[in-house]
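Summary of the model geometry
Below are the chains, spelled out letter by letter.
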Amino acid sequence: MDEDCRNCPALCETREQIVHGYGDVGADFLFVGERPTARADAVGVPFLSEGDGDEAENENDGTTLRRILERLALCDATSPADRPGLENTYLTNLTRCRDPERPPTDEEIGNCEPFLNAEIRSINPEVLVPVGERALEELGTEYTTTPVEDLSFPDAHATTIRGRGFALVPMIDPREQSDAQTQAWLEHFAELMASDYRQTKGRRER
């Protein structure tokens, strides 16, 4: 992707930088959010939160994706706050640029779709994790035969949706989860990780 991409003129005016995908390029688990967080826009790593890292330990902003990944041993808890050490995990977003005042438009998501699809094809994960309503809608429509009206939270949270080439395990945005929802997702995903998930779905031809 061109580092000076101008496909979305409005986002070019508000972004600090393009936030590319980050993590283990051979990962089985690929997490997809809607757009970069404010911290991600500043640093260049998806899903970073002001609540991550030692300097924010006392902030009461709910859980973060990093904390969830640490509990699953998919992120090294000793790695730097701005450069998480990920194992078997890759992070990306529907869009690479951020407007601090609004979510991305359908057109902006469409402009970034080729880059997301290229990442998914290249990494060829076993499990896609849509994080938040918009990611669930987009990935569910593209990669499953589940009716759109059935792709919504909270019902889809901490479930496995069998799709076309991938399993989807949707997650409510960590900052919006209750403690019970966080625990439910962790238990469901840990059970999936312990299963023989690599042989229970057909590999998608590339």
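Provided above is the structure to which this section pertains.
Quick caveat, the model's predicted, so the values are computed rather than measured.

A few points about the pairing of strand β6 (residues 127-130)
Because side chains alternate across β6, one face comprises the buried residues Val127 and Val129, and the other comprises Leu128 and Pro130, equally buried. For strand β2 (residues 29-33) and β6, the ladder comprises 4 bridges, and the chain directions are parallel. Directly across from valine 32, in β6, lies its bridge partner proline 130. Pairing geometry for β6 and strand β8 (residues 167-168), over 2 bridges, is parallel. Its bridge partner being in β8, valine 127 is matched across the sheet by alanine 167.

A short note on the packing of helix α4 (residues 106-123) against helix α5 (residues 133-143)
Between α4 and α5, the shortest axis-to-axis distance is 13 Å and the interhelical angle comes to 60°. When the axes of α4 and α5 are compared, the pair comes out oblique. Here α4 runs over α5; the crossing is right-handed. For the pair formed by α4 and α5, the contact residues are Asp106, Ile109, Glu113, Leu116, Asn117 and Ile120 on the first element and Arg134, Glu138, Leu139, Glu142 and Tyr143 on the second.

Thoughts on the packing of aromatic side chains
Counted under the stated rule, the structure contains 6 aromatic pairs. Aromatic side chains phenylalanine 31 and tryptophan 185 sit 6.2 Å apart centroid to centroid with 55° between the ring planes, which places their arrangement in the tilted category. Residue phenylalanine 31 is found in strand β2, and its partner tryptophan 185 is found in helix α6 (residues 179-194); the two are separated by 154 residues along the sequence. For the pair formed by phenylalanine 31 and tryptophan 185, the shared burial category is buried. Aromatic pair phenylalanine 31 and phenylalanine 189: ring centres 6.2 Å apart, planes at 55°, arrangement tilted. Here phenylalanine 31, found in strand β2, pairs with phenylalanine 189, found in helix α6; they are 158 residues apart in sequence, far enough to count as distant. The residues phenylalanine 31 and phenylalanine 189 share a single accessibility class, namely buried. An aromatic cluster is defined as three or more aromatic residues linked by ring pairs; in this entry it consists of Phe29, Phe31, Trp185, Phe189 and Tyr197.

Scoring rules and cut-offs
Residues numbered from 1 in each chain as written. Predicted model: local features only at pLDDT ≥ 70, side-chain atom pairs only at ≥ 80, totals over all residues. Heavy atoms only, no water. Buried < 20%, exposed > 50% of the residue type's maximum accessible area, 1.4 Å probe, protein only. Helix = DSSP H or I, 4+ residues; strand = E, 2+ residues; numbered from the N terminus. Pairing = 2+ DSSP bridges. Axes fitted to C-alpha atoms, helices over the stretch in contact; angles between N-to-C directions. Parallel < 35°, antiparallel > 145°, perpendicular 65-115°, else oblique. Left-handed = near helix turned anticlockwise from the far one by under 90°. Contact = heavy atoms within 4.5 Å. Phe/Tyr/Trp six-rings, centres within 6.5 Å; stacked < 30°, edge-to-face > 60°.

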